[in-house]
Amino acid sequence: MVIYLDYAATSPMRQSAIDAYAETAAQVFGNTQSLHDAGSVAFNLLKGCRQMWGGFLNVRAEGVYFTGNASEGNQLAIRSLLRGRGPEQREIVTTKLEHASVLTALHELEKEGYQICYVPVNSDGILDFKQYQKLVTDRTALIAIQLVNSEMGAIQPVMECAAYAKEKAVPFHCDIVQGFGKIPVDLSLLGVSSAVCSGHKVGGPKGVGIVWIDPSVHWESVYEGTTHQEGFRAGTVDLPGIASATIAAKEAVAEQKAAEAHAESLQRYFMELLPEEVELTGDKAKKSPFIQGMLLPHVEGQWMMLECNRQQIAISTGTACKIGAGEAMSAMSAMGIEKDVARKFIRISFSKKTTEQDLHAFLQVVQKSMSKSLY
(Lines give C-alpha, C1' and ligand atoms only; values in the text may rest on other atoms or scores of the structure.)
Protein backbone atom coordinates (compact mmCIF):
# COMPACT_ATOMS: atom_id res chain seq x y z
CA MET A 1 0.00 0.00 0.00
CA VAL A 2 1.34 3.43 -0.97
CA ILE A 3 2.17 5.90 1.79
CA TYR A 4 0.90 9.19 0.38
CA LEU A 5 2.73 12.32 1.55
CA ASP A 6 1.87 14.70 -1.29
CA TYR A 7 -1.46 16.22 -0.27
CA ALA A 8 -0.30 19.73 -1.25
CA ALA A 9 -0.28 18.50 -4.86
CA THR A 10 -3.70 16.86 -4.71
CA SER A 11 -5.91 14.81 -2.41
CA PRO A 12 -8.06 11.73 -3.02
CA MET A 13 -11.74 12.45 -3.47
CA ARG A 14 -14.00 12.05 -0.45
CA GLN A 15 -16.71 9.44 -0.88
CA SER A 16 -19.35 12.08 -0.21
CA ALA A 17 -17.92 14.17 -3.06
CA ILE A 18 -17.96 11.18 -5.42
CA ASP A 19 -21.59 10.48 -4.48
CA ALA A 20 -22.54 14.13 -4.98
CA TYR A 21 -20.90 14.15 -8.41
CA ALA A 22 -22.71 11.01 -9.57
CA GLU A 23 -26.08 12.11 -8.22
CA THR A 24 -25.84 15.58 -9.78
CA ALA A 25 -24.66 14.21 -13.13
CA ALA A 26 -27.59 11.78 -13.24
CA GLN A 27 -30.36 14.02 -11.97
CA VAL A 28 -29.43 17.69 -12.53
CA PHE A 29 -28.35 17.63 -16.16
CA GLY A 30 -29.95 20.88 -17.35
CA ASN A 31 -27.98 23.89 -18.57
CA THR A 32 -28.06 26.65 -15.95
CA GLN A 33 -28.70 29.19 -18.77
CA SER A 34 -31.78 27.35 -20.12
CA LEU A 35 -35.21 28.79 -19.31
CA HIS A 36 -37.11 25.51 -18.97
CA ASP A 37 -37.65 23.64 -15.71
CA ALA A 38 -34.54 21.45 -16.10
CA GLY A 39 -32.48 24.60 -16.53
CA SER A 40 -34.12 26.24 -13.51
CA VAL A 41 -33.32 23.24 -11.31
CA ALA A 42 -29.68 23.41 -12.42
CA PHE A 43 -29.55 27.19 -11.89
CA ASN A 44 -30.96 26.88 -8.38
CA LEU A 45 -28.37 24.25 -7.47
CA LEU A 46 -25.60 26.49 -8.82
CA LYS A 47 -26.99 29.41 -6.81
CA GLY A 48 -27.09 27.20 -3.69
CA CYS A 49 -23.45 26.22 -4.19
CA ARG A 50 -22.45 29.87 -4.53
CA GLN A 51 -24.27 30.68 -1.30
CA MET A 52 -22.49 27.85 0.48
CA TRP A 53 -19.08 29.04 -0.71
CA GLY A 54 -19.99 32.53 0.45
CA GLY A 55 -20.61 31.01 3.88
CA PHE A 56 -17.37 29.00 3.88
CA LEU A 57 -15.35 32.15 3.09
CA ASN A 58 -17.57 34.59 5.05
CA VAL A 59 -18.19 36.83 2.04
CA ARG A 60 -21.07 37.96 -0.18
CA ALA A 61 -22.11 35.00 -2.32
CA GLU A 62 -22.75 37.11 -5.45
CA GLY A 63 -18.96 37.48 -5.78
CA VAL A 64 -18.41 33.70 -6.13
CA TYR A 65 -17.51 32.25 -9.54
CA PHE A 66 -16.41 28.80 -10.71
CA THR A 67 -13.59 28.03 -13.14
CA GLY A 68 -11.92 24.95 -14.62
CA ASN A 69 -9.19 25.02 -11.97
CA ALA A 70 -7.45 27.38 -9.55
CA SER A 71 -4.73 28.19 -12.10
CA GLU A 72 -7.36 29.50 -14.51
CA GLY A 73 -9.03 31.25 -11.57
CA ASN A 74 -5.83 33.13 -10.74
CA GLN A 75 -5.33 34.22 -14.34
CA LEU A 76 -8.96 35.35 -14.77
CA ALA A 77 -9.12 37.19 -11.45
CA ILE A 78 -5.87 39.03 -12.09
CA ARG A 79 -6.77 40.04 -15.65
CA SER A 80 -10.37 40.96 -14.76
CA LEU A 81 -9.22 43.27 -11.98
CA LEU A 82 -6.53 44.84 -14.18
CA ARG A 83 -9.09 45.56 -16.90
CA GLY A 84 -11.01 47.55 -14.30
CA ARG A 85 -8.05 49.81 -13.51
CA GLY A 86 -6.94 53.07 -15.12
CA PRO A 87 -4.41 53.29 -17.99
CA GLU A 88 -1.92 55.18 -15.81
CA GLN A 89 -1.63 52.27 -13.37
CA ARG A 90 0.83 49.82 -14.91
CA GLU A 91 2.67 48.30 -11.94
CA ILE A 92 1.91 45.02 -10.16
CA VAL A 93 3.30 44.17 -6.70
CA THR A 94 3.90 40.51 -5.86
CA THR A 95 6.50 38.04 -4.55
CA LYS A 96 8.61 35.39 -6.25
CA LEU A 97 6.99 32.77 -4.02
CA GLU A 98 3.65 32.85 -5.85
CA HIS A 99 2.12 29.81 -7.52
CA ALA A 100 3.28 29.05 -11.05
CA SER A 101 -0.08 30.14 -12.49
CA VAL A 102 0.34 33.62 -10.99
CA LEU A 103 3.99 33.98 -12.01
CA THR A 104 3.13 32.86 -15.55
CA ALA A 105 0.29 35.39 -15.81
CA LEU A 106 2.57 38.17 -14.54
CA HIS A 107 5.29 37.20 -17.01
CA GLU A 108 2.73 37.54 -19.82
CA LEU A 109 1.56 40.89 -18.46
CA GLU A 110 5.14 42.12 -18.34
CA LYS A 111 5.35 41.52 -22.09
CA GLU A 112 2.16 43.58 -22.41
CA GLY A 113 3.77 46.59 -20.74
CA TYR A 114 3.20 46.09 -17.02
CA GLN A 115 6.09 46.48 -14.58
CA ILE A 116 6.29 43.65 -12.04
CA CYS A 117 7.63 44.71 -8.63
CA TYR A 118 8.78 41.84 -6.41
CA VAL A 119 8.70 42.24 -2.63
CA PRO A 120 11.84 40.70 -1.07
CA VAL A 121 11.37 37.83 1.40
CA ASN A 122 13.56 36.61 4.26
CA SER A 123 15.19 33.21 4.64
CA ASP A 124 11.91 31.80 6.00
CA GLY A 125 9.94 33.02 3.00
CA ILE A 126 8.10 35.86 4.79
CA LEU A 127 7.86 39.14 2.89
CA ASP A 128 9.49 42.38 4.07
CA PHE A 129 6.50 44.55 5.02
CA LYS A 130 8.41 47.85 4.95
CA GLN A 131 9.67 47.12 1.44
CA TYR A 132 6.14 46.13 0.48
CA GLN A 133 4.85 49.51 1.61
CA LYS A 134 7.50 51.28 -0.45
CA LEU A 135 6.55 49.37 -3.59
CA VAL A 136 2.82 50.23 -3.38
CA THR A 137 2.35 53.62 -5.09
CA ASP A 138 -0.29 55.53 -7.05
CA ARG A 139 1.00 53.68 -10.13
CA THR A 140 0.16 50.26 -8.63
CA ALA A 141 -2.60 48.54 -10.57
CA LEU A 142 -2.81 45.35 -8.51
CA ILE A 143 -1.21 43.44 -5.66
CA ALA A 144 -1.04 39.62 -5.85
CA ILE A 145 0.24 37.83 -2.74
CA GLN A 146 -0.58 34.28 -1.70
CA LEU A 147 -1.71 33.26 1.80
CA VAL A 148 0.29 30.00 2.15
CA ASN A 149 3.34 29.11 0.07
CA SER A 150 3.14 25.68 -1.52
CA GLU A 151 6.84 24.83 -1.15
CA MET A 152 7.59 25.37 2.54
CA GLY A 153 4.23 26.55 3.88
CA ALA A 154 5.18 30.12 4.77
CA ILE A 155 2.11 32.15 5.79
CA GLN A 156 2.24 35.74 4.57
CA PRO A 157 0.88 38.69 6.63
CA VAL A 158 -2.03 39.07 4.21
CA MET A 159 -4.31 40.94 6.62
CA GLU A 160 -1.74 43.71 7.15
CA CYS A 161 -0.85 43.82 3.46
CA ALA A 162 -4.48 43.98 2.35
CA ALA A 163 -5.27 46.73 4.88
CA TYR A 164 -2.42 48.84 3.49
CA ALA A 165 -3.62 48.15 -0.06
CA LYS A 166 -7.07 49.35 0.92
CA GLU A 167 -5.59 52.60 2.26
CA LYS A 168 -3.98 53.12 -1.14
CA ALA A 169 -7.16 52.06 -3.02
CA VAL A 170 -5.35 49.19 -4.75
CA PRO A 171 -7.11 45.82 -5.34
CA PHE A 172 -5.47 42.88 -3.55
CA HIS A 173 -5.62 39.38 -5.04
CA CYS A 174 -4.84 36.36 -2.84
CA ASP A 175 -4.24 32.72 -3.76
CA ILE A 176 -5.62 30.79 -0.75
CA VAL A 177 -5.35 27.32 -2.31
CA GLN A 178 -2.97 25.89 0.34
CA GLY A 179 -4.82 27.62 3.18
CA PHE A 180 -8.52 26.89 2.68
CA GLY A 181 -9.69 23.91 4.73
CA LYS A 182 -6.30 23.70 6.47
CA ILE A 183 -5.89 26.90 8.49
CA PRO A 184 -8.62 29.42 9.45
CA VAL A 185 -9.59 31.45 6.36
CA ASP A 186 -12.04 34.34 6.68
CA LEU A 187 -11.87 36.60 3.63
CA SER A 188 -13.82 39.39 5.32
CA LEU A 189 -11.25 39.38 8.10
CA LEU A 190 -8.32 39.20 5.66
CA GLY A 191 -9.78 42.13 3.73
CA VAL A 192 -8.70 40.99 0.25
CA SER A 193 -10.38 42.10 -2.99
CA SER A 194 -10.31 38.65 -4.58
CA ALA A 195 -9.27 35.10 -3.76
CA VAL A 196 -8.91 31.72 -5.41
CA CYS A 197 -9.11 28.19 -4.00
CA SER A 198 -9.30 24.68 -5.44
CA GLY A 199 -11.73 21.78 -5.10
CA HIS A 200 -9.23 18.93 -5.40
CA LYS A 201 -7.02 20.18 -2.55
CA VAL A 202 -9.80 19.43 -0.03
CA GLY A 203 -11.11 16.12 -1.35
CA GLY A 204 -13.21 17.37 -4.24
CA PRO A 205 -12.78 16.64 -7.95
CA LYS A 206 -10.04 17.99 -10.16
CA GLY A 207 -11.24 20.59 -12.63
CA VAL A 208 -13.02 22.97 -10.25
CA GLY A 209 -11.57 26.31 -9.19
CA ILE A 210 -13.43 28.74 -6.95
CA VAL A 211 -12.96 32.50 -7.32
CA TRP A 212 -14.33 35.27 -5.17
CA ILE A 213 -14.22 38.92 -6.22
CA ASP A 214 -15.59 41.55 -3.87
CA PRO A 215 -18.77 42.83 -5.57
CA SER A 216 -17.83 46.38 -4.52
CA VAL A 217 -14.58 46.21 -6.52
CA HIS A 218 -14.70 47.19 -10.19
CA TRP A 219 -13.61 44.55 -12.68
CA GLU A 220 -14.22 43.94 -16.35
CA SER A 221 -14.74 40.68 -18.21
CA VAL A 222 -11.85 39.11 -20.09
CA TYR A 223 -14.44 37.52 -22.41
CA GLU A 224 -16.29 40.22 -24.29
CA GLY A 225 -19.96 39.41 -24.81
CA THR A 226 -20.16 36.32 -22.62
CA THR A 227 -23.25 35.86 -20.44
CA HIS A 228 -22.20 32.95 -18.21
CA GLN A 229 -21.39 33.78 -14.58
CA GLU A 230 -21.96 37.53 -15.08
CA GLY A 231 -19.31 37.50 -17.79
CA PHE A 232 -16.49 36.27 -15.56
CA ARG A 233 -15.94 32.98 -17.42
CA ALA A 234 -17.35 31.78 -20.71
CA GLY A 235 -18.92 28.36 -21.14
CA THR A 236 -21.44 26.05 -19.52
CA VAL A 237 -20.52 25.36 -15.92
CA ASP A 238 -19.59 21.87 -14.70
CA LEU A 239 -22.43 21.52 -12.21
CA PRO A 240 -21.58 17.96 -11.04
CA GLY A 241 -18.01 19.07 -10.35
CA ILE A 242 -19.15 22.22 -8.55
CA ALA A 243 -21.64 20.30 -6.37
CA SER A 244 -18.96 17.72 -5.58
CA ALA A 245 -16.38 20.38 -4.67
CA THR A 246 -18.94 22.16 -2.48
CA ILE A 247 -19.71 19.00 -0.49
CA ALA A 248 -15.97 18.34 -0.04
CA ALA A 249 -15.41 21.91 1.12
CA LYS A 250 -18.27 21.65 3.62
CA GLU A 251 -16.57 18.65 5.23
CA ALA A 252 -13.12 20.25 5.10
CA VAL A 253 -14.37 23.39 6.86
CA ALA A 254 -16.10 21.28 9.54
CA GLU A 255 -12.89 19.31 10.11
CA GLN A 256 -10.47 22.24 9.87
CA LYS A 257 -9.66 22.74 13.57
CA ALA A 258 -9.15 19.04 14.26
CA ALA A 259 -7.13 18.57 11.05
CA GLU A 260 -4.87 21.52 11.91
CA ALA A 261 -4.27 20.19 15.43
CA HIS A 262 -3.39 16.79 13.94
CA ALA A 263 -0.96 18.41 11.47
CA GLU A 264 0.68 20.38 14.29
CA SER A 265 1.17 17.15 16.24
CA LEU A 266 2.69 15.46 13.18
CA GLN A 267 4.98 18.45 12.64
CA ARG A 268 6.30 18.20 16.21
CA TYR A 269 6.89 14.46 15.80
CA PHE A 270 8.60 14.99 12.45
CA MET A 271 10.91 17.74 13.74
CA GLU A 272 11.96 15.62 16.73
CA LEU A 273 13.06 12.73 14.50
CA LEU A 274 14.41 14.65 11.51
CA PRO A 275 18.19 14.13 11.14
CA GLU A 276 20.17 17.24 12.14
CA GLU A 277 21.84 17.31 8.74
CA VAL A 278 18.48 17.84 7.00
CA GLU A 279 17.45 21.51 7.01
CA LEU A 280 13.75 22.25 7.42
CA THR A 281 12.69 25.34 5.46
CA GLY A 282 10.47 28.01 6.97
CA ASP A 283 9.73 29.15 10.51
CA LYS A 284 7.42 26.67 12.26
CA ALA A 285 5.70 29.57 14.07
CA LYS A 286 4.87 31.31 10.77
CA LYS A 287 4.04 28.41 8.47
CA SER A 288 1.35 25.87 7.73
CA PRO A 289 1.99 22.62 9.63
CA PHE A 290 0.58 20.72 6.64
CA ILE A 291 3.62 21.45 4.45
CA GLN A 292 7.19 20.44 5.28
CA GLY A 293 9.88 21.55 2.85
CA MET A 294 13.44 20.43 3.49
CA LEU A 295 16.94 20.61 2.04
CA LEU A 296 18.92 17.37 1.96
CA PRO A 297 22.67 17.38 2.70
CA HIS A 298 23.71 14.64 0.29
CA VAL A 299 21.48 13.96 -2.74
CA GLU A 300 19.28 15.86 -5.17
CA GLY A 301 15.59 15.99 -4.43
CA GLN A 302 14.75 14.17 -7.65
CA TRP A 303 16.86 11.18 -6.54
CA MET A 304 15.16 11.09 -3.13
CA MET A 305 11.71 11.33 -4.71
CA LEU A 306 12.50 8.33 -6.94
CA GLU A 307 14.00 6.37 -4.03
CA CYS A 308 10.89 7.00 -1.93
CA ASN A 309 8.73 5.98 -4.87
CA ARG A 310 10.64 2.66 -5.04
CA GLN A 311 9.70 2.21 -1.38
CA GLN A 312 6.03 3.00 -2.18
CA ILE A 313 6.15 6.45 -0.55
CA ALA A 314 4.85 9.42 -2.55
CA ILE A 315 6.66 12.72 -1.91
CA SER A 316 7.38 15.81 -4.02
CA THR A 317 10.25 17.97 -5.20
CA GLY A 318 8.00 21.02 -5.21
CA THR A 319 4.74 22.37 -6.60
CA ALA A 320 3.34 19.93 -9.15
CA CYS A 321 2.51 22.80 -11.52
CA LYS A 322 6.22 23.64 -11.70
CA ILE A 323 7.57 20.17 -12.47
CA GLY A 324 9.78 20.42 -15.54
CA ALA A 325 10.00 24.19 -15.22
CA GLY A 326 12.38 24.73 -12.32
CA GLU A 327 10.26 23.13 -9.60
CA ALA A 328 10.93 25.02 -6.36
CA MET A 329 13.80 27.11 -7.78
CA SER A 330 11.87 30.40 -7.84
CA ALA A 331 10.95 30.16 -4.16
CA MET A 332 14.36 28.92 -3.05
CA SER A 333 16.17 31.65 -5.00
CA ALA A 334 13.94 34.34 -3.47
CA MET A 335 14.89 33.04 -0.01
CA GLY A 336 18.61 33.35 -0.81
CA ILE A 337 19.28 29.64 -1.34
CA GLU A 338 21.90 28.81 -3.96
CA LYS A 339 20.81 26.81 -7.01
CA ASP A 340 22.99 23.79 -6.19
CA VAL A 341 21.49 23.62 -2.69
CA ALA A 342 17.95 24.18 -3.99
CA ARG A 343 18.27 21.07 -6.16
CA LYS A 344 18.34 19.08 -2.91
CA PHE A 345 14.87 20.29 -1.94
CA ILE A 346 12.00 17.89 -1.23
CA ARG A 347 8.53 18.40 0.20
CA ILE A 348 6.10 16.25 2.12
CA SER A 349 2.57 17.32 3.00
CA PHE A 350 -0.05 15.98 5.40
CA SER A 351 -3.77 15.37 5.74
CA LYS A 352 -5.96 14.09 8.56
CA LYS A 353 -5.17 10.56 7.30
CA THR A 354 -1.39 10.92 7.70
CA THR A 355 0.05 8.97 10.64
CA GLU A 356 3.27 8.99 12.65
CA GLN A 357 3.99 5.56 11.15
CA ASP A 358 3.89 7.14 7.67
CA LEU A 359 6.45 9.73 8.72
CA HIS A 360 8.61 7.11 10.40
CA ALA A 361 8.71 5.09 7.17
CA PHE A 362 9.72 8.18 5.19
CA LEU A 363 12.45 9.13 7.69
CA GLN A 364 13.86 5.61 7.53
CA VAL A 365 14.37 6.00 3.78
CA VAL A 366 16.09 9.35 4.34
CA GLN A 367 18.36 7.97 7.05
CA LYS A 368 19.30 4.89 5.01
CA SER A 369 20.18 7.04 2.02
CA MET A 370 22.40 9.21 4.22
CA SER A 371 24.20 6.13 5.60
CA LYS A 372 24.85 4.85 2.07
CA SER A 373 26.23 8.20 0.98
CA LEU A 374 29.00 7.95 3.57
CA TYR A 375 30.61 5.00 1.77
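Residues numbered from 1 in each chain as written. Predicted model: local features only at pLDDT ≥ 70, side-chain atom pairs only at ≥ 80, totals over all residues. Heavy atoms only, no water.

1. Focus: the overall build of the protein
Argument step 1. What the protein contains, in helices and strands, is 12 helices and 12 strands.
Argument step 2. Relative to the compact-globule value of 21 Å for 375 residues, the protein shows a C-alpha radius of gyration of 21 Å, a close match.
Argument step 3. The proportion of buried residues among the 375 residues of the protein is 54%.
Argument step 4. If you take every contact in the protein between residues at least 6 apart in sequence, the share linking residues at least 24 apart comes to 73%.
Argument step 5. As displayed, the protein has an accessible area near 16,500 Å², and 52% of this comes from carbon and sulfur atoms. (Helix = DSSP H or I, 4+ residues; strand = E, 2+ residues; numbered from the N terminus. Rg over C-alpha atoms; globule rule 2.2 N^0.38 Å. Buried < 20%, exposed > 50% of the residue type's maximum accessible area, 1.4 Å probe, protein only. Contact = heavy atoms within 4.5 Å. Areas by Shrake-Rupley, 256 points an atom, 1.4 Å probe, with all protein chains shown as cover.)

2. Looking at the sheet that holds strand 5 (residues 140-144)
Argument step 1. Strand order in the open sheet made by the 7 strands is 2-8-7-6-5-3-4, with mixed pairing throughout. Both edges of this open sheet fall to strand 2 (64-67) and strand 4 (115-118), since each of them pairs with a single strand only. Adjacent strand axes in the sheet meet at a mean angle of 20°, parallel and antiparallel pairs treated alike.
Argument step 2. Of the strands in this sheet, strand 2, strand 7 (194-198) and strand 8 (209-213) are in contact with helix 2 (residues 37-57), which crosses strand 2 at around 110°. (Pairing = 2+ DSSP bridges. Axes fitted to C-alpha atoms, helices over the stretch in contact; angles between N-to-C directions.)

3. Topic: a nonpolar patch on the surface
Argument step 1. Where nonpolar side chains cluster on the molecular surface, the patch consists of Met13, Ile18 and Tyr21 and spans about 230 Å² of accessible area.
Argument step 2. Here Ile18 shows up in helix 1 (residues 15-27).
Argument step 3. Relative accessible area serves as the criterion here: at 36%, Ile18 is assigned to the partly exposed category. (Patch = residues over 30% accessible without salt bridge, like charges linked within 9 Å, V, L, I, M, F, W, Y side chains within 5 Å. Salt bridge = Lys/Arg side-chain N within 4 Å of Asp/Glu carboxyl O.)

4. Here we look at the packing of helix 2 against helix 8 (residues 239-273)
Argument step 1. Running from N to C, helix 2 and helix 8 point in directions that differ by 30°, and their axes come no closer than 10 Å. Relative to helix 8, the element helix 2 lies roughly parallel. For the crossing formed where helix 2 meets helix 8, the hand is left-handed. Contacts between helix 2 and helix 8 pair Ala42, Leu45, Leu46, Cys49, Met52, Trp53 and Phe56 from the former with Leu239, Ile242, Ala243, Ala245, Thr246, Ala249, Lys250 and Val253 from the latter. (Parallel < 35°, antiparallel > 145°, perpendicular 65-115°, else oblique. Left-handed = near helix turned anticlockwise from the far one by under 90°.)

5. What about the confidence of the model for the protein?
Argument step 1. Looking at the protein as a whole, its pLDDT mean stands at 94, while 96% of the residues score no less than 70.
Argument step 2. Low confidence marks residues 323-327, where pLDDT is under 50. Its contacts with residues over four positions away, or in another chain, come to 6 contacts. (pLDDT = per-residue confidence, 0-100.)

6. Section: the sheet that holds strand 10 (residues 291-295)
Argument step 1. Within the open sheet, the 3 strands sit side by side as 9-10-12. Their pairing is antiparallel. At either margin of the open sheet sits one strand with a lone partner, and together these are strand 9 (279-280) and strand 12 (345-349).
Argument step 2. Note that strand 10 and strand 12 share 5 bridges and pair antiparallel. Along strand 12, the bridge assignment pairs Gly293 with Arg347.
Argument step 3. Of the strands in this sheet, strand 9, strand 10 and strand 12 touch helix 8, which is tilted by about 15° from strand 10.

7. Quick look at the pattern of salt bridges
Argument step 1. Within the structure shown, the criterion is met by 12 salt bridges.
Argument step 2. The salt bridge involving Asp340 is made with Arg343; its shortest N-O contact spans 2.8 Å.
Argument step 3. One continuous salt-bridge network, built from bridges that share partners, spans Arg14, Glu251, Glu255 and Lys352.

8. Here's the deal with the nonpolar core
Argument step 1. In terms of nonpolar packing, the biggest core is built from 91 residues, with Trp53, Tyr132, Phe172, Ile176, Leu187 and Phe362 touching the most fellow members.
Argument step 2. At 12 residues, the largest contribution of residues to this core is made by helix 8.
Argument step 3. If near-sequence neighbours (up to four positions away) are discounted, Leu187 is found in contact with Leu57, Val59, Ile176, Val192, Ala195 and Trp212.
Argument step 4. By size, the runner-up hydrophobic cluster in this structure holds 22 residues, among which are Leu76, Ile116, Val177 and Ile213. (Core = buried A, V, L, I, M, F, W, Y, C linked by side-chain atoms within 4.5 Å.)

9. Regarding helix 2
Argument step 1. Its 21 residues place the ends of helix 2 30 Å apart at the C-alpha level, agreeing with the 30 Å of an ideal helix rising 1.5 Å per residue.
Argument step 2. Taken residue by residue, helix 2 has Gly39, Ala42, Leu46, Cys49, Arg50, Trp53, Gly54, Phe56 and Leu57 as its buried positions. Summarising the axial view, the buried residues of helix 2 lie within an arc of 160°, below the 170-degree limit, and thus occupy one face. Along helix 2, exposed side chains directed more than 90 degrees from the buried face belong to Asp37 and Gly55. (Expected span 1.5 Å × (residues − 1). Arc of directions from axis to C-beta.)

10. Here we look at the pairing of strand 3 (residues 91-94)
Argument step 1. Where burial is concerned, the two faces of strand 3 agree: the one with Glu91 and Val93 and the one with Ile92 and Thr94 are both buried.
Argument step 2. In terms of strand pairing, strand 3 meets strand 4 through 4 bridges, oriented parallel. The partner of Glu91 across the bridge, within strand 4, is Gln115.
Argument step 3. Pairing analysis gives 4 bridges linking strand 3 to strand 5, with the strands arranged parallel. Opposite Ile92, over in strand 5, you have Leu142 as the bridge partner.

11. Concerning the packing of aromatic side chains
Argument step 1. Summed over the entire model, instances satisfying the criterion amount to 10 aromatic pairs.
Argument step 2. Each ring, one from Phe129 and one from Tyr164, has its centre 6.4 Å from the other, and the planes form 75°; the classification is edge-to-face. On the criterion of sequence distance, the pair formed by Phe129 in helix 5 (residues 129-135) and Tyr164 in helix 6 (residues 158-167) is long-range, its members being 35 residues apart.
Argument step 3. We classify Phe129 as partly exposed; its relative accessible area is 28%. (Phe/Tyr/Trp six-rings, centres within 6.5 Å; stacked < 30°, edge-to-face > 60°.)

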